[in-house]
Amino acid sequence: MGAVVRGKWPLRFAMGLLAGFGGLYALYSLAKRWRQQQEDRDVGCCQSKTQNLLRRAIDLGVNSQETEDGHQGHVLVNPHDGLEQQHLQVILDLLRRTSDTSIRENVLVTIGNSAAFTVNQDLIRNLGGLNVIANCLLDEVMSVKVKAMNALTNLSLNVANQEELKIWIPQILKTQEAATLNSELQVAGLRMLTNISVVSTHHHLMINYIPHFLKLLVEGTENVKVQALKILVNLSTDPELTHDLLCAQVSVEMVIKSSKSILPWALVQKEC
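A quick note: this is a predicted structure, and the numbers were derived from the prediction, not measured.

Here is what the cut-offs are and how they apply
- Residues numbered from 1 in each chain as written.
- Predicted model: local features only at pLDDT ≥ 70, side-chain atom pairs only at ≥ 80, totals over all residues.
- Heavy atoms only, no water.
- Helix = DSSP H or I, 4+ residues; strand = E, 2+ residues; numbered from the N terminus.
- Buried < 20%, exposed > 50% of the residue type's maximum accessible area, 1.4 Å probe, protein only.
- Contact = heavy atoms within 4.5 Å.
- Areas by Shrake-Rupley, 256 points an atom, 1.4 Å probe, with all protein chains shown as cover.
- Salt bridge = Lys/Arg side-chain N within 4 Å of Asp/Glu carboxyl O.
- pLDDT = per-residue confidence, 0-100.

Participant: So what exactly am I meant to see when it comes to the overall build of the protein here?
Facilitator: Helices and strands together make up the secondary structure of the protein, namely 14 helices and 2 strands. Each of the 272 residues in the protein was classed as buried or not, and the buried ones make up 40%. Long-range contacts, defined as pairs at least 24 residues apart, comprise 69% of the intrachain contacts of the protein with a sequence gap of at least 6. When the accessible surface of the protein is split by element, carbon and sulfur atoms take 57% of a total near 15500 Å².

Structure follows, in structure tokens:
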């Protein structure tokens, strides 16, 4: 009888092991499923927060406005407590990761609106956001380029940001020159360059584009002419560019003739 019991013991042991392994596998499957559900919930929560954040920022109204020092930018209509650092970090990370055009456009609008605040201009620079935004100028989608240029226009109101953005000035010049005449992208690029040219630090980078700006005074719409004239006025304050301005291969008579409609405007602005 004892021999029979001893003979069955390995079988019972094996069955016990199988039952134990079965239970462990069930627990493992349950834990894995629970972890997946948690990750999905976290992703959903993160997406919801991001969407709410974008909706909140995009709803901020902005008005175009020129500052007293001649910079071009936007000012919030209702400048309540803007985005905080963690919010800006979230949307900059989103801009780095996503290739979705709609999301990129919304993020750039959000950043452009938030950049109406000086504190956010500094935060975006400190978070490494300037290069992330400027990289969007290389996007194949025109609307993304326009919104990136608009965001950079507001960010370039900050002198410290201008210093970091100087490596992008050649690309900005090239982008606005290659843009369709009188297009939204060209106007946005000219507004950005108006800010950059307020101080003489980066004038030397624009020398080769003086004929282009003069040409815009002949061929552009009134809005384009105004922006081009602002840039040329800024450049004319630099004694080192006097020779380049005088030697530009564009008929002065044509420029004056085509610019009659904006010269009174420019004189009024100068007097103010």
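Moving on from the model shown.
Participant: Before we go on, may I ask you to explain helix H4 (residues 118-126) in this structure?
Facilitator: Given 3.6 residues to a turn, an α-helix orients residues that are three or four positions apart in the same direction. Among all positions in H4, only Asn120, Gln121, Leu123, Ile124 and Arg125 are buried. The elements touched by buried residues of H4 are helix H2 (85-97), helix H3 (101-114), helix H5 (129-134), helix H6 (142-155) and helix H7 (159-165). Downstream of H4 by a residue or two, Gly128 has a phi angle that is positive, lying close to 75°.

Participant: Looking at this model, I keep getting lost on the pattern of salt bridges. Mind explaining?
Facilitator: Any two side chains of opposite charge can pair, so long as their charged atoms come close to each other. Evaluated as defined, the whole model comprises 4 salt bridges. Residue Asp93 pairs with Arg96 through a salt bridge whose shortest N-O separation is 2.6 Å. Of this pair, Asp93 and Arg96 are both found in helix H2, 3 residues apart, which corresponds to roughly one turn of the helix. Its relative accessible area of 41% is what places Arg96 among the partly exposed residues. Ionic pairing is found between Asp122 and Arg125, a salt bridge with its closest N-O pair at 3.1 Å. Placement of the pair is Asp122 and Arg125 together in helix H4, with a separation of 3 residues, close to one helical turn. With relative accessibility at 26%, the residue Asp122 sits in the partly exposed group. Residue classification places Arg125 among the buried residues on the basis of a relative accessible area of 18%.

Participant: Help me understand the confidence of the model for the protein in this model?
Facilitator: Where the model shows low pLDDT, its predicted coordinates should not be examined in detail. Confidence in the prediction of the protein, expressed as mean pLDDT, is 78, and 61% of residues score 70 or more. The least confident element of the protein is strand S1 (residues 62-66), whose mean pLDDT is 45; the most confident is H5, at 97. In this model, residues 74-81 is a region of pLDDT below 50 whose contacts with residues beyond four sequence positions or in other chains number 24 contacts. Here residues 267-272 scores under 50 on pLDDT; set against residues more than four positions off or in separate chains, the count is 1 contact.

Participant: Honestly, unusual backbone geometry in this entry has me stumped. Any pointers?
Facilitator: Leaving glycine out, the prevailing phi sign among residues is negative, and the prevailing peptide bond configuration is trans. Here Asn182, not a glycine, exhibits a phi torsion of approximately 70°, which is positive. Tracing the backbone shows Asn182 in the loop between helix H8 (169-178) and helix H9 (184-196).

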